[in-house]
Amino acid sequence: MRAYLNGNEAVATAVRLARTEVVAAYPITPQSTIVEKIAEYIADGSMAADYIRVESEHAALAACYGAAVTGTRVFTATSSQGLAYMYEMLHYVSGCRVPLVMAVANRGLAAPWTIWADHQDAIACRDTGWIQLYVETAQEALDTCLQAYKIAAHAEVLTPVMVCLDGYVLSHTEEIVDVPEQEAVDRFLPPYQAAYAVDPERPYVFGVGAGPELYPAFKYHQQQALLRAQEVIKEVDREFGAQFDRTYGGLVDPYYCDDADVILVLMGATAGTAREVVDDLRRQGERVGLLRLRSFRPFPVADLRAVLTAAGVVAVLDRDCSFGYEGVLATEVKAALYGSPAPVASRSESQWGQPLVAGFVGGLGGRDIGPADLAGIYRQCLEALRHRDRGGELVLSGGWQR
Amino acid sequence: MLAEDTLKRGPNLATPYLGFTTGSWRTERPVLDPERCNNCLACWLFCPEGCFSRGDQAVSLNLDFCKGCGICVAECPRQALTLVEEGAASARLSER
Ligand code: SF4
Ligand code: SF4
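Source: prediction; values computed, not measured. (Residues numbered from 1 in each chain as written. Chains lettered and ligands numbered in written order. Predicted model: local features only at pLDDT ≥ 70, side-chain atom pairs only at ≥ 80, totals over all residues. Heavy atoms only, no water.)

A.B. asks: Quick one: what's the story with helix α7 (residues 138-153) of chain A, residue by residue and with numbers?
C.D. replies: Taking 1.5 Å per residue, 16 residues should reach 22 Å; α7 of chain A reaches 23 Å between its end C-alpha atoms and fits that length. Across the 16 residues of α7 of chain A, 14 count as buried, placing the element largely inside the fold. (Helix = DSSP H or I, 4+ residues; strand = E, 2+ residues; numbered from the N terminus. Expected span 1.5 Å × (residues − 1). Buried < 20%, exposed > 50% of the residue type's maximum accessible area, 1.4 Å probe, protein only.)

Spelled out as structure tokens, the structure:
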């Protein structure tokens, strides 16, 4: 069935189709309408779930954790300050290997106070042990939530998943969404079967204390699970594609990267604009490409290398900043490419070993990133390459959209 | 050490297994004189760590989780328990 949905409604629809059993959330803009919609579904009987009302985001995630260890399928959603308030519980949920799904309608962090989109909220939770998937469209938000339940509960992953969608740009913007049939979703996503759960007949201690002799082993296996998740995310996306005829590339979503001299790397809805810009520049004969990063954690080093190493310049657009250094994604892309072998066959005269990575910070606090902004980044990088091809040095300082 | 499969699923363990012992934190420990014990089970009831096991004639002590709080010593009506300093010559090491 095709429906006219915004990103938040698409997420709520996915949560209903996944037959989620427990939802606990605290309202925060721009996430609120996700759980408002879910509350409506529960009230009108179209969704059989318990809705736990809580006094804060910290309590929301704690309630979800408690519900999840009883072996139920659980969902929550938040944004910005709310996600920051959950910080302690984020580690609890991932550390205890609880496979729940949370939508994050990305929004900047105060101060200054803002309700508008950027990625700082989720990026700041980079090291909490959650899988983070960033989506481009409302359709992908719906599909990724369904995939997320499958990824999270995979026996070799057992890790919570954040589905990140840009506030307003996705959360509040309608598009035509293909809503899968319930029977098809049931086939893709069977009921959640926990390996063990709260059970009076078989008592368990959840989140035991672990001394120095045991703690590192638990963390080692958590790291292994997140690395393993790379393959699982791809598998689940392929499986989803086989059943629903839509895939998103798994970890990375390259667009015209095969012969590109300049590749722009970014996450989220800005990719929609970037595709238009790539099309436009390609018509003008410029070899430019786009790599939309879908999985920020786990960070797909091998997939990035496979696509990026042959480019001359890799421009990275961050909707976040690690203050005192640079955009987080820029650092990570550089680290991923560091030490990677230069491509065997030189693709063009612009071939120069490893690509130069240039970091751009833009779109903070909802600042619009238009086609002209993105074309500007591409042109700056192309110009730097041309300068080098004329015998000059390849220099690029990146930029900050002020 | 726990089995790999258990480690892989996270720090959630079937009871009575606990991840690690905490007895090493104490500075004092109770020593039981079974001759004085009349099996009244006051210590068994009061010990916050469940260190006492019931027996036919007297209780027995497992100090893996004993914090040396001394509650059992204070509660024992028969002075069958004494608190000794860890490492002191008076500590009967066989009872560790
Ligand atoms: S000292 Fe405290 S913890 Fe140790 S056995 Fe006595 S009551 Fe229990
Ligand atoms: S309280 Fe004293 S007498 Fe009673 S069981 Fe314990 S050790 Fe024995």
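Here the narrative resumes, following the displayed structure.
A.B. asks: Describe in detail the interface of chain A and chain B, supporting the description with residues and values.
C.D. replies: Chain A puts 20 residues into the contact, and the matching count from chain B is 16 residues. In total, chain A and chain B occlude about 1,800 Å² of area from one another, counting both sides; carbon and sulfur atoms represent 65% of this. Sorting the residues of chain A by area buried against chain B places Leu214, Phe218 and His221 of chain A first, and these three jointly supply 31% of that buried surface. In this structure, the connection of chain A to chain B is made through zero salt bridges. Here chain A is connected to chain B by ten residue pairs in polar contact (both at pLDDT 80 or more). Contributions of two or more residues to the side of chain A that touches chain B are made by β9 (204-206) and α9 (215-244) of chain A. (Contact = heavy atoms within 4.5 Å. Buried area = accessible area lost by both parts, 1.4 Å probe. Salt bridge = Lys/Arg side-chain N within 4 Å of Asp/Glu carboxyl O. Polar contact = N/O pair within 3.5 Å; in protein donor to acceptor, adjacent residues only side chain to side chain.)

A.B. asks: Could you give an account of the pattern of salt bridges, with specific residues and numbers?
C.D. replies: Any two side chains of opposite charge can pair if their charged atoms end up close together. Residue and element names in this part refer to chain A. Across all of its chains, the model carries 30 salt bridges over all chains by this definition. Across the pair Glu332 and Arg126 runs a salt bridge, and its minimum N-O distance is 2.8 Å. Of the two residues, Glu332 sits in helix α12 (residues 328-337) while Arg126 sits in the loop between α6 (120-123) and β6 (131-134), which places them 206 residues apart along the sequence. On the basis of relative accessibility, which here comes to 28%, the residue Arg126 falls in the partly exposed class.

A.B. asks: Hey, could you go over the site of ligand 1 for me, with residue numbers and the actual values?
C.D. replies: Lining the immediate environment of ligand 1, one finds 14 residues, of which Cys47, Cys66, Cys69, Gly70 and Cys72 of chain B sit closest. When grouped by side-chain class, the residues that make up the shell around ligand 1 number ten nonpolar, two polar and two charged. (Near = heavy atom within 4 Å. Nonpolar A, V, L, I, M, F, W, Y, C, P; charged D, E, K, R; others polar.)

A.B. asks: An account of the pairing of strand β1 (residues 2-5) of chain A is needed here, citing residue identities and associated values.
C.D. replies: Residue and element names in this part refer to chain A. Covered by surrounding structure in β1 are Ala3 and Leu5 only, the residues Arg2 and Tyr4 on the alternate face being uncovered. One ladder, built from four bridges, connects β1 with strand β8 (residues 175-178); its direction is antiparallel. Among the inter-strand pairings, Arg2 is bridged to a residue of β8, identified as Asp178. (Pairing = 2+ DSSP bridges.)

A.B. asks: Quick one: what's the story with unusual backbone geometry, residue by residue and with numbers?
C.D. replies: Following Ala110 of chain A, the chain continues to Ala111 of chain A via a peptide bond in cis, the omega torsion being 0°. By the element assignment, Ala111 of chain A lies in the loop between β5 (101-106) and α6. Notably, Tyr256 of chain A is not glycine yet its phi reads approximately 55°, a positive angle. Mapped onto the fold, Tyr256 of chain A is located in the loop between β10 (252-255) and β11 (262-266). For Asn39 of chain B, which is not glycine, the phi dihedral falls at a positive 65°.

Everything listed here is a matter of coordinates, which is why it stays silent on function.
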